[in-house]
Structures are given as C-alpha cells and as structure tokens.
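Single-letter residue listing:
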Amino acid sequence: MQFSRRKLDGRWVAVEANDDVRRYGIELDTDDSTWEPVIVPGHWRDTPKFAASDGPVMYRHRFSADPPGDGARRWITLDGIFYQADVWLDGAYLGDPEGYFFPHSFDVTALSELDEEHVLAIEATCAPQGGPNNRRNITGVFQHWDGIDRQWNPGGIWRSVHLYDTGPVRVDRFRVLCRDADTRRAHVQLTARLDSDAQRSVTVRTFVDNELHDEHVHLVASGENQIEWSLDIVDPRLWWPRILGDQLLTDVAVELIVDGELSDRRERRTGLRQVTWDNWICSVNGERLFLKGANLLPTRAGLADADKGAVRRDLEHAVDLGLDVVRVHGHIADREVYRAADELGMLIMQDFPLQWGYARSVRGQAVDQARAAVDALGHHPSIVQWTAHNDPSATTAVDRSDWKKRTRQVMAHQLPSWNKSVLDRWVKRSFEKADASRETVAHSGVLPHFPQLSGTDTHLWYGWHRGDAEDLAGLAARVPRLVRFVSEFGAHAPPNTAPFIDDELAAHEWPHLDWDRLHNEFGYQRDQFERLFPPDEYGSYESWRNAAQRYQSHVLKTHIETLRRLKYRPSGGFCFYALADPGPVISASVLDHERVPKDAYAVVKAACAQVLVVAGTLPEWVNEGDRLRLDVHLINDLREEIDFAVVDAVASWAGGEQRWRFGGPVPADDVVKVGQVDMTVPETLGELSFTLTMTAGDITSRNRYATAVTLPPGA
C-alpha cells in the first residue's frame with residue numbers, strides 16, 4: 001500500500017490570540033485575509049509584527065487534500081511547537097500538546113473524509129518566565145537565561161507540520177537502545193508504541209541494515225499499545241568515539257504488516273556500543289576515556305533560525321579544539337547536533353531542559369517529557385549520559401566579601417528543596433526506567449549533600465565568581481571528590497565582533513556606556529567585571545576587551561591543565577563553559593555569535609593536545625630569594641606508550657637563565673611526573689618565565705608559564 005506524505009510548510013497567516021479569535025478564528029469559512037503572513041517553520045518573533053510579542057498567537061493554514069484511501073488513516077504531526085498549543089482542524093478540536101523537542105500527532109481520518117478543503121488552526125503559547133525560580137515551561141535556557149536576551153521569547157511552530165497516511169496501525173513512537181556490545185555480540189532493546197484503529201493481529205518485522213532480522217506477531221487492542229522486544233546482533237560493527245576508532249552506524253527499521261499489507265514503517269540510525277561510568281570515569285566499549293569537553297549552547301536563540309550547516313560546524317569546532325565531549329547545556333538541541341555527533345564521534349552529556357527553579361506543577365510534564373527524550377534521542381550512540389536538572393539551587397553569584405549571602409549559597413546545596421529532593425528524583429527515575437543503557441544524574445552543579453554525600457559534577461568558577469584560578473589545585477588536594485568531573489568553569493570576556501558595543505561607543509564616550517543595558521540585554525556581569533577590569537582604568541574599549549580576553553585564557557589554561565594532571569586520580573574529565581554563543585553577548589564562550597575566536601580559543605586548543613607537558617600551578621608573584629618548586633608532568637592521551645620522552649625546562653629572567661633536563665617513558669593513556677624544577681628566585685625584579693619543551697621522536701609539546709618577581713616583605 002502506498003501512503004501520501006507532505007509537509008504543510010511555507011506561508012501561513014497569524015494573529016495575536018484572544019477569546020474572539022479562539023471563537024471565530026478556527027472555522028473553515030473564517031475570513032483571514034487581514035491576518036499577518038508568517039513562515040512555518042519559524043518563531044513568531046521572526047515576523048516584524050510579532051517581534052515584541054509574548055503571544056499567544058493563532059496560526060492558520062488552508063490546504064487541499066484528497067480523502068485517505070480505503071483502510072488508510074490520516075495524521076497531522078506537529079514536529080516542534082514552542083511551547084504549548086491548542087489545535088483545531090476545520091473547527092474541530094484535536095488536542096493540547098505541550099513540549100518543544102518531540103512530535104505531537106493527531107488522528108484526522110474522519111475529518112479528512114468529509115471534504116477536500118481544510119484549515120488547520122494552531123494557537124501557540126510560550127508564557128514568559130519571570131526569573132530563576134517558579135518556572136513552569138520546560139524550555140531550559142531558551143527562556144530567561146543570561147546567555148540570550150532575557151526578553152526573548154522562542155514561541156512558535158519551529159519545526160515542520162506533517163500530513164501523512166498510514167494503514168490501520170501506526171508506529172507512534174519507536175525507541176532503539178543498545179544495552180551492551182562487544183566484538184562478538186550487540187544486544188539492542190526496542191520499544192514501540194502502536195496506535196490501532198481496532199483489535200488486530202500485527203506482524204512486526206525488524207530490519208538491520210536493510211536485512212530482515214526478526215519477525216513476530218502481536219495482538220493489539222484499539223488505541224495505544226506498547227510492545228518491547230530485543231535483538232542480538234552477531235559480530236557487530238562497533239561505534240567508537242573519534243579518538244578510539246571508527247564511527248560505524250547501523251540502521252534499524254520496524255515495519256508493521258496488517259492483513260498482508262504494510263501499515264507503517266519507522267527507522268532509526270544508531271551505533272552499537274556500550275557505555276559505562278565508574279565514579280565519573282567514562283568507558284566506551286571497555287576503553288576508558290578522559291573526557292575533555294565544552295558546554296554546547298544553542299547555535300541560535302531560535303532553534304528554527306539555525307541552518308544544519310551552522311549546527312554541524314559548532315561540532316566541528318569542538319573537534320578542532322581536540323575535545324571528546326560536549327555537554328548540551330540546559331536544553332535539547334536540534335536533531336542535527338546528534339546526527340553530527342554520531343558521525344564525528346563526539347560524545348554528548350545531555351541535559352534535560354530543566355534550568356534553575358521550577359514550580360510544583362511541572363512534575364507530571366517533566367516525567368512524561370523525560371520518557372519522550374529517550375524515545376526521540378535514545379538511539380544516538382554519541383549520548384553517554386542524561387542529566388535531569390541543571391543547577392536546581394538557582395543561586396546567583398555574590399560578592400566574595402558578603403559572607404551572609406555566600407553562606408546562603410552553600411546552604412542551598414545542603415538543605416532539602418522541592419526541586420532538588422523531589423522533582424529531580426522523579427525525573428531521574430523516569431530516565432532510568434526508560435533507558436537502562438546509560439547513566440542518569442539527578443542534577444548538575446550540586447555540592448555533596450545528604451543523602452547524596454558524594455555530590456554530583458561540579459560548577460567551579462574559580463577566578464570569576466570566586467577565588468583565583470590557581471585555587472583549583474588546592475581544592476583538589478583538600479576535597480578530591482569536587483574535581484571528579486567539573487562541568488562548568490571559565491571567565492567572561494567581550495567578543496571581537498560586538499555591534500551592541502559599537503552602538504554604545506557611537507552614542508557615548510568610553511567608558512561612559514549604558515552598562516545597565518549591557519547587563520540586562522547582553523549578559524554583562526557587572527560585579528565581576530568591575531572587580532577584575534574596572535572600565536574606567538582602561539583608556540579604550542579595545543584595551544579593556546583585550547585584558548579580559550587574556551584573563552579568560554589564563555583561567556581556562558589553568559583549570560584544564562590542573563584537571564588533566566589529575567587524570568583518573570580522581571578526575572574523569574571536564575567541560576569548560578562554553579564553546580560558542582547563540583547571539584550577541586558578553587560571555588564565557590571562546591567563539592562569539594559570529595564564530596570569531598576569542599584569544600582563549602587557541603589557548604584551549606593547545607591545552608587539549610593529546611600529548612602535553614605541564615608544570616604545577618605557578619603563583620601570580622614570588623619574592624626574591626624564595627625557593628620555588630614546580631612539578632613537571634607529561635600527559636599522554638594516545639593509545640600507545642611513548643617509549644622515551646625528553647623534557648627541557650628553562651627558567652629565564654632579565655640577565656640570566658637556569659636549565660633542567662628530564663626524561664623517561666610515558667605509558668599509554670596516562671600521566672607521569674618526569675621531574676621537578678627546584679630553584680631560588682633570582683634577585684631581579686620583573687618577569688620570571690619557564691619554558692618547557694618535550695620531544696619524543698616526531699612528537700613535540702611546548703608550554704610556557706610566567707610570574708612576577710617582587711621584593712620580599714619589609715625589604
């Protein structure tokens with residue numbers, strides 16, 4: 001049986017919704033000639049008339065379609081709606097979908113048989129979220145977040161609307177999970193939700209790479225039915241992360257046969273691999289991997305506004321930096337992110353779109369949408385972990401001298417709360433029930449607390465929100481569990497391409513800019529910048545920007561090298577914050593919204609090289625006559641041993657230098673201490689620098705550190 005399929009994309013019309021529109025704007029004969037033309041897919045703010053609207057907005061689309069054939073059923077699917085909707089066809093109410101990242105389908109068979117002319121009306125709503133607490137939309141970073149203009153509203157029909165026919169039984173959802181795999185066998189678990197028009201006998205056929213692999217019969221009832229089965233694939237082609245092997249992908253398809261004819265078909269492209277975690281150390285197919293990564297933000301503030309090429313290029317930047325993983329921060333991304341990650345061998349730590357604090361009313365939706373996330377994304381081999389909630393404590397940075405507020409921040413992690421203690425556990429259980437093949441973390445960025453005394457991954461903004469970058473090494477020595485996986489760190493710096501700054505400079509004289517506007521609309525963190533880089537101490541915007549960018553480089557280099565020295569002892573990896581911006585903003589990214597690199601891009605790339613020579617943390621300044629000891633380590637992320645490496649260390653100052661040479665083997669995937677620089681600080685004020693050069697055959701690594709020599713106290 002051949003079934004028709006089409007997209008109802010292109011020109012629609014829309015108007016801001018009110019009770020009159022809901023009453024009269026949904027009928028087939030409604031006069032919509034004065035409504036505003038809009039393009040679907042898109043966001044309503046892409047249309048000038050709705051550029052400042054928070055909705056709700058009523059969309060209408062007229063179309064013609066022949067009635068479905070004998071025995072066929074017709075469906076309308078909204079592939080992506082931000083964030084809730086009410087849906088009518090020819091004035092008949094279809095339903096009220098909620099959730100932006102997965103499809104919502106409606107049976108319109110009976111309505112389609114009445115006439116060939118139709119009108120689809122969709123009232124989309126995306127209520128503003130007024131702050132970090134009591135949020136009600138599960139939209140994560142897309143609403144009220146400091147990386148996007150806080151007034152932005154992503155509302156609209158952001159993916160295609162589909163009209164298509166099936167036979168009497170339809171595959172509503174199809175989940176494919178690779179539970180375990182090795183070179184001999186892969187075990188794949190499949191779940192399908194079937195929608196049947198009546199009680200029927202259905203033959204379910206499963207194909208692997210277009211070859212029939214399994215066939216069995218199910219008796220299904222009228223309405224929704226869930227079936228589960230599994231496949232054993234012998235001698236599988238394994239999928240590997242990019243530095244461990246090839247990215248071999250496998251197509252798994254299911255067909256439903258009813259009365260000898262094809263009723264419906266679904267296909268997923270997956271990868272056969274096994275993921276395990278041991279105290280925040282990730283292994284894929286039995287090979288452990290120290291994860292070097294970045295937080296991946298949306299490519300654009302509006303998901304519909306980012307083309308597939310731009311989305312893929314963000315992942316390619318991560319590859320260029322030498323990263324192994326991206327943490328999809330506070331949102332579920334466009335499907336192209338996951339396709340590209342599968343093909344590039346880039347691992348994904350996936351946040352569920354719960355960001356900061358939520359009202360109690362969201363629990364039911366959060367549990368349902370967690371299952372939907374597994375249905376929509378579970379087949380992607382690149383995803384190695386789910387996180388139910390990002391930063392549920394919803395604390396903001398405070399001045400380091402304000403001990404009362406800092407105490408409240410710490411207590412927010414320790415004391416029970418509805419978000420952390422109730423909501424997050426429900427969502428975690430929902431993920432675990434739907435997907436036992438991956439680890440699920442209840443929340444990200446929560447310090448050790450009862451009963452989870454070990455805590456989770458940590459957000460350690462040393463050098464920005466607290467302390468100095470060099471403090472990380474001391475923390476790791478005192479409380480090793482806090483550096484098992486650091487999923488946020490960094491420092492903010494203005495971008496190189498900043499039209500919003502150019503506008504300010506054109507309207508004002510430096511440094512008398514509208515800093516309130518920059519704070520409210522472009523993410524400027526006033527307290528941190530005024531503490532570290534007071535604008536009135538710089539003669540120009542360029543010198544201020546350059547100083548902030550150099551400092552960002554220093555913070556990232558210090559953190560990455562410190563965590564890499566602690567590889568597996570106890571650190572399993574890191575994700576710095578962040579790779580790239582979704583829009584114009586002053587942020588902690590290393591690529592701005594135009595994908596122009598900041599100074600830190602090259603620094604991060606060097607710090608993430610597979611073979612790296614590093615020194616211990618160097619203080620910002622030293623006194624003349626001090627004794628200085630720096631441990632020198634070699635980090636080898638290669639899968640083969642370095643038989644013998646030679647490290648030359650040179651300390652240089654005005655008028656002199658001192659040299660050391662170390663050497664030895666470096667095991668595969670390991671870190672070794674090869675020597676120690678031990679010296680007395682020379683009696684020469686100014687810069688004291690250390691240059692490290694490692695050679696091992698055709699492998700080289702070079703690193704440089706510097707400090708300032710000052711007079712001892714009382715001199």
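What counts as what
Residues numbered from 1 in each chain as written. Predicted model: local features only at pLDDT ≥ 70, side-chain atom pairs only at ≥ 80, totals over all residues. Heavy atoms only, no water. Helix = DSSP H or I, 4+ residues; strand = E, 2+ residues; numbered from the N terminus. Rg over C-alpha atoms; globule rule 2.2 N^0.38 Å. Buried < 20%, exposed > 50% of the residue type's maximum accessible area, 1.4 Å probe, protein only. Contact = heavy atoms within 4.5 Å. Areas by Shrake-Rupley, 256 points an atom, 1.4 Å probe, with all protein chains shown as cover. Core = buried A, V, L, I, M, F, W, Y, C linked by side-chain atoms within 4.5 Å. Pairing = 2+ DSSP bridges. Axes fitted to C-alpha atoms, helices over the stretch in contact; angles between N-to-C directions. Parallel < 35°, antiparallel > 145°, perpendicular 65-115°, else oblique. Left-handed = near helix turned anticlockwise from the far one by under 90°. Nonpolar A, V, L, I, M, F, W, Y, C, P; charged D, E, K, R; others polar. Phe/Tyr/Trp six-rings, centres within 6.5 Å; stacked < 30°, edge-to-face > 60°. Patch = residues over 30% accessible without salt bridge, like charges linked within 9 Å, V, L, I, M, F, W, Y side chains within 5 Å. Salt bridge = Lys/Arg side-chain N within 4 Å of Asp/Glu carboxyl O. Lys, Arg positive; Asp, Glu negative; His and termini not counted. Charge placed at Lys NZ, Arg CZ, Asp CG, Glu CD. Expected span 1.5 Å × (residues − 1). Arc of directions from axis to C-beta.

Secondary structure summary: the protein contains 13 helices and 38 strands in total. Against the 2.2 N^0.38 benchmark of 27 Å for 715 residues, the protein shows a C-alpha radius of gyration of 28 Å, consistent with a compact globule. Considered along the principal axes of its C-alpha atoms, the protein spans approximately 95 × 65 × 45 Å. Across the 715 residues of the protein, 58% fall into the buried class. Long-range contacts, defined here as pairs at least 24 residues apart, represent 72% of the contacts in the protein between residues at least 6 apart. Carbon together with sulfur atoms contributes 47% to the accessible area of the protein, which is approximately 28,600 Å² in total.

On to the nonpolar core. Counting residues in hydrophobic clusters, the biggest one holds 100 residues, and the most contacted among them are Trp12, Tyr59, Leu120, Ile122 and Phe576. The dominant element in this core, judged by the number of residues it contributes, is helix H5 (residues 363-377), at 6 residues. Apart from the residues lying within four places of it in its own chain, the contact partners of Ile122 are Trp12, Val57, Met58, Tyr59, Leu78, Ile81, Ala85, Asp86, Val87 and Ile157. Membership of the second largest hydrophobic core comes to 35 residues, among which are Ala645, Trp653, Val674 and Leu688.

Further remarks concern the pairing of strand E18 (residues 250-258). Within E18, 9 of the 9 residues are buried, which leaves the element mostly enclosed by the surrounding structure. On E18, burial covers both faces: Thr250, Val252, Val254, Leu256 and Val258 on one face and Asp251, Ala253, Glu255 and Ile257 on the other are all buried. The pairing of strand E15 (residues 200-208) with E18 spans 6 bridges and is classified as antiparallel. Among the inter-strand pairings, Val208 is bridged to a residue of E18, identified as Val252.

To continue, consider the packing of helix H3 (residues 308-320) against helix H4 (residues 335-344). The contact between H3 and H4 brings their axes to 9 Å, and the two run at 40°. With respect to each other, H3 and H4 are oriented oblique. Our pair here, H3 against H4, has a crossing hand that is right-handed. For the pair formed by H3 and H4, the contact residues are Lys308, Val311, Arg312, Leu315, Glu316 and Val319 on the first element and Glu336, Val337, Arg339, Ala340, Ala341, Glu343 and Leu344 on the second. When grouped by side-chain class, the residues that make up the contact of H3 with H4 number 7 nonpolar, no polar and 6 charged.

Pairing between the strands of a sheet comes from backbone hydrogen bonds, and it takes one of two forms, parallel or antiparallel. Read across the open sheet, the 4 strands follow the order E16-E15-E18-E19; overall the sheet is antiparallel. This sheet does not close on itself; its edge strands, each paired only once, are strand E16 (211-220) and strand E19 (261-270). Averaged over all pairs of adjacent strands, the angle between their axes in this sheet comes to 20°, without regard to strand direction. Looking at chain direction, E18 and E19 are connected through 9 bridges and run antiparallel. Within the sheet, the bridge partner assigned to Val258 lies in E19 and is Glu261.

Before going further, it helps to examine the packing of aromatic side chains. This model, assessed by the stated rule, comprises 31 aromatic pairs. Summarising the aromatic geometry, the rings of Trp280 and Phe485 are spaced 5.8 Å apart at their centres and angled 35° between planes, so their arrangement reads as tilted. Of the two residues, Trp280 is situated in the loop between strand E20 (275-278) and strand E21 (281-284) and Phe485 in strand E29 (residues 485-488); the sequence distance between them amounts to 205 residues. With 4.9 Å between their ring centres and 25° between their planes, Trp386 and Phe431 make a pair best called stacked. With Trp386 in strand E26 (residues 383-387) and Phe431 in helix H7 (residues 418-434), this residue pair connects regions lying 45 residues apart in the sequence. Here Trp386 matches Phe431 in class, with each residue buried.

Before going further, it helps to examine the environment of Thr684. Here Thr684 shows up in the loop between strand E36 (670-680) and strand E37 (686-696). Sequence-wise, Thr684 and Thr47 are 637 residues apart; in three dimensions their C-alpha atoms are separated by 65 Å.

Another point: the sheet that holds E36. Read across the open sheet, the 3 strands follow the order E31-E33-E36; overall the sheet is antiparallel. Of all the strands in the sheet, the pair left with one neighbour each is strand E31 (611-615) and E36. Between one strand and the next, the sheet's axes are offset by a mean angle of 15°, whatever the strand orientation. Running over the sheet, helix H12 (residues 541-565) touches E31, strand E33 (627-636) and E36 and is turned about 105° from E31.

Before going further, it helps to examine a negative patch on the surface. A grouping of Asp66, Asp115, Glu116 and Glu117 is seen on the molecular surface, where their side chains present a negatively charged patch. Considering the arrangement of structural elements, one finds Glu117 in strand E10 (residues 117-125). A relative accessible area of 41% places Glu117 in the partly exposed class.

Here we take up the environment of Arg5. Examined against the element boundaries, Arg5 turns out to sit in strand E1 (residues 5-7). In this structure, the C-alpha to C-alpha distance between Arg5 and Gly130, residues 125 residues apart in sequence, is 41 Å. Those residues in contact with Arg5 that sit more than four places away from it in its chain are Leu163, Tyr164, Asp165, Asp264 and Arg266.

Another aspect to go through is the side chain of Asp424. Structurally, Asp424 can be placed in helix H7. In contact with Asp424, not counting residues within four places along its chain, are Ala388, His389, Pro392, Asn419, Ala442 and His443.

Between Gly55 and Pro56 the backbone carries a cis peptide bond, its omega angle lying at 0°. Among the secondary structure elements, Pro56 is positioned in the loop between strand E3 (36-40) and strand E4 (57-64). Backbone torsion omega between Phe82 and Tyr83 reads -10°, so that peptide bond is classified as cis. Of note, Tyr83 is situated in the loop between strand E6 (81-82) and strand E7 (84-89). With a phi angle near 70°, Asn210 is a residue other than glycine that sits in the positive phi range.

On to H12. In this model, H12 (25 residues) spans 36 Å end to end at C-alpha, consistent with the 36 Å of a helix rising 1.5 Å per residue. Counting buried positions along H12 gives 20 out of 25 residues, so the element sits mostly inside the fold.

Under the criterion given, the structure shown has 54 salt bridges. Its salt-bridge partner being Arg569, residue Asp670 comes within 3.1 Å of it at the nearest N-O pair. Of this pair, Asp670 sits in strand E36 while Arg569 is found in the loop between H12 and strand E30 (573-576), placing the two residues 101 residues apart along the sequence. Take Asp670: its relative accessible area is 14%, and that puts it in the buried class.

Along helix H9 (residues 499-507), the positions that sit buried rather than exposed are Phe500, Ile501 and Glu504. With its buried residues spanning 100° around the axis, H9 presents them on a single face.

Counting buried positions along E26 yields 5 of 5 residues, so the element is predominantly enclosed. With 4 bridges joining them, strand E25 (residues 347-351) and E26 adopt parallel strand pairing. Opposite Asp351, over in E26, you have Thr387 as the bridge partner. Here E26 pairs with strand E27 (residues 439-441) via 3 bridges, running parallel. Each residue of the ladder has a partner; that of Thr387, found in E27, is Val441.

This is a description of form; function is not addressed.
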